[in-house]
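Secondary and tertiary structure notes
Here is what each chain is made of, one letter per residue.
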Amino acid sequence: AVQKACDMNPKLVVDVDAHLSIMDALIGAEDNLSKSADTNLRDVVVKCLRILTALSVNTGTRDSILHSEQSHECVKIASKIVSAGAELKIEIDTKSAASK
C-alpha cells in the first residue's frame, strides 16, 4: 500500500512521516537478517529500499529522506548490500572463468 501511495503521490508518504517508519523497518529487518535466513526479512529489506529510493530521487521528497535521523544508517545498509552483490558477482565470474 505504501509503495502504491509512493508511486501515486510521494509527498503524501512524507507528509505523514511514513518514510520514517519505513526507515525504521529497514534498519530493524537488516539487524535481524544477520541472525536469520528468513526470506521474508529479505523481502522487507528490498521493499523498504525500493520505497526509499523512489522517495530519494523525487525532488519533492528528497530532502525529507536525506535530513532524517535514520538516513545515514539506511545508506550504510544499502551500501553493504550493493558491496555484497558486487563481491558475489566477482566470485561467480571468477569461478565461471576458471571452469572454461
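See the structure shown above.
A brief report on the enclosed structure follows. (Residues numbered from 1 in each chain as written. Predicted model: local features only at pLDDT ≥ 70, side-chain atom pairs only at ≥ 80, totals over all residues. Heavy atoms only, no water.)

**A few points about helix α3 (residues 18–33)**
Think of an α-helix as 3.6 residues a turn; residues three or four steps apart then line up on the same face. Applied cut-off: A run of DSSP states H or I qualifies as a helix once it reaches four residues; a run of E qualifies as a strand once it reaches two. Both are numbered from the N-terminal end. Multiplying one less than the number of residues by 1.5 Å gives the expected span of a helix. The cut-offs for exposure are 20% and 50% of the maximum accessible area for each residue type, with area from a 1.4 Å probe on protein chains only; residues under the lower value are buried, those over the upper are exposed, and the others partly exposed.
Helix length check: α3 (16 residues) gives 22 Å between terminal C-alpha atoms against 22 Å at 1.5 Å per residue, within 8%. Turning to α3, its buried residues are Ala18, His19, Ile22, Met23, Leu26, Ile27, Ala29, Glu30 and Leu33.

**Some words on the nonpolar core**
This is how the line gets drawn: Residues belong to one nonpolar core when they are buried, are Ala, Val, Leu, Ile, Met, Phe, Trp, Tyr or Cys, and are joined through side-chain atoms within 4.5 Å. The criterion used for residue contact is that any of the two residues' heavy atoms lie within 4.5 Å.
One finds Leu26, Val45, Leu52, Leu55 and Cys74 to be the most contacted residues of the largest nonpolar core, which totals 20 residues. Those elements that provide at least two residues to this core are α2 (10–15), α3, α4 (39–57) and α6 (71–98). In this structure leucine 55 touches Cys6, Pro10, Val13, Val14, His19, Thr61, Arg62 and Ile65, once residues within four positions along its chain are discounted.

**So, unusual backbone geometry**
Most peptide bonds take the trans configuration, and most residues that are not glycine carry a negative phi. Positioned with a positive phi, aspartate 17 is a non-glycine residue whose angle comes to about 60 degrees. Structurally, the position occupied by aspartate 17 is in the loop between α2 and α3. Overall, aspartate 17 belongs to the partly exposed group, its relative accessible area being 42%.

**Considering the pattern of salt bridges**
The cut-off we apply is this: Think of a salt bridge as a Lys or Arg side-chain nitrogen and an Asp or Glu carboxyl oxygen that are within 4 Å of each other.
For the structure shown, the criterion picks out three salt bridges. Of the charged contacts in the structure, one is a salt bridge between lysine 80 and glutamate 30, with a shortest N-O distance of 3.0 Å. Separated by 50 residues along the polypeptide, lysine 80 in helix α6 and glutamate 30 in helix α3 bring together distant segments of the chain. Among the residues examined, glutamate 30 registers a relative accessible area of 11% and is labelled buried. The residue glutamate 73 makes a salt bridge to lysine 76 at a minimum N-O spacing of 3.5 Å. A residue pair is termed a helical-turn pair when its members lie 3 or 4 positions apart in one helix, as glutamate 73 and lysine 76 do in helix α6 at three residues. Residue classification places glutamate 73 among the partly exposed residues on the basis of a relative accessible area of 30%.

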